[in-house]
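One-letter residues, chain by chain:
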Amino acid sequence: IINIIKKRGGVSSMKVNNQVASMPMGFFDADNKMNKLPCRLTHFTRVNFEKYERGFSFLKKIDKLYKELTPEAYQRQLDRANKKPLLKIPDTAFSTVTINRNFRTALHRDAGDFSEGFGNLTVIERGKYQGGYTMFPQFGIAVDVRNNDYLAMDVHQWHSNTEIYETEEDKKYNESIPKAYKDNIEVGTIGIDKLYTRLTFVCY
């Protein structure tokens, strides 16, 4: 994160992050700061609505696991979501899904989502890589969430990811598989130059 220095001196409250391959799907929360926008569909959802709908069965499976493993948190979140059913993903307790590709998150606590709910993490991967453990350092816990795993977690606790990297054996394998995505390495997006793919879906 970079702080912006104002022309007339002083440090702006605006910060600039490294560019990462991250995208929200579903609904944005209301913007009460700059543009005063209401809750609304994200840009990706609006322009790819049929693709969004085709993913409902996948999101319903995550929702089912959430309900089975943490029923009390699930019910609180479902009750809140049902207050505005037009702003939730159908047949789930979720309003939003954040999708990240090869993104190592810094230590943070989530904000702006339902404070009494959980984050629901699953991973789809292609190729070989190491690391990317989801860490809760204050508890001494790290979870290696891999392909098709599911993790229900309190995202309002401090959490982060360990480094994602390739061994020489991983690199050799990844060079042997055809590329399955479009990229533009010159834009400087972190992780987009890698041949492996670690897609994380965080539903909340």
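Sequence order as written defines residue numbering, which begins from 1 separately in each chain. Given that this is a predicted model, residues contribute local features only at a pLDDT of at least 70 and side-chain atom pairs are listed and counted only at 80 or more, while totals for whole chains, interfaces and linings are drawn from all residues. Calculated side-chain values reflect all of the structure's heavy atoms, with hydrogen atoms and water omitted.

**Digging into the environment of Q130**
Moving on, step 1. Each helix is a run of H or I in the DSSP string that is no shorter than four residues. Each strand is a run of E no shorter than two, and both are numbered from the N terminus. Note on placement: Q130 falls in strand β7 (residues 130-131).
Moving on, step 2. For the pair Q130 and I164, spaced 34 residues apart in the sequence, the C-alpha separation amounts to 5.8 Å.
Moving on, step 3. Contacts: residue pairs with any heavy atoms within 4.5 Å of one another. When residues no more than four places from it in sequence are discounted, the contact partners of Q130 are E163, I164, Y165, T167 and D170.
Moving on, step 4. Polar contacts here mean pairs of N or O atoms no more than 3.5 Å apart (in protein, one a potential hydrogen donor and the other a potential acceptor; neighbouring residues in sequence count only if both atoms are side-chain atoms). Within the structure, Q130 has its side chain in polar contact with the side chain of D170 (distance 2.8 Å).

**A short note on unusual backbone geometry**
Moving on, step 1. A positive phi angle is found at D91, which is not glycine, with a value near 60 degrees.
Moving on, step 2. Among the structural elements, D91 can be located in the loop between α4 (71-81) and β5 (96-101).
Moving on, step 3. Only protein chains enter the calculation, and the probe is 1.4 Å; a residue is then buried if its accessible area is under 20% of its type maximum, exposed if over 50%, and partly exposed in between. For D91, a relative accessible area of 56% translates into the label exposed.
Moving on, step 4. Although it is not a glycine, N148 sits at a positive phi angle of roughly 70 degrees.
Moving on, step 5. By secondary structure assignment, the location of N148 is in the loop between β9 (141-143) and β10 (150-153).
Moving on, step 6. Using a relative accessible area of 62% as the deciding quantity, one classes N148 as exposed.

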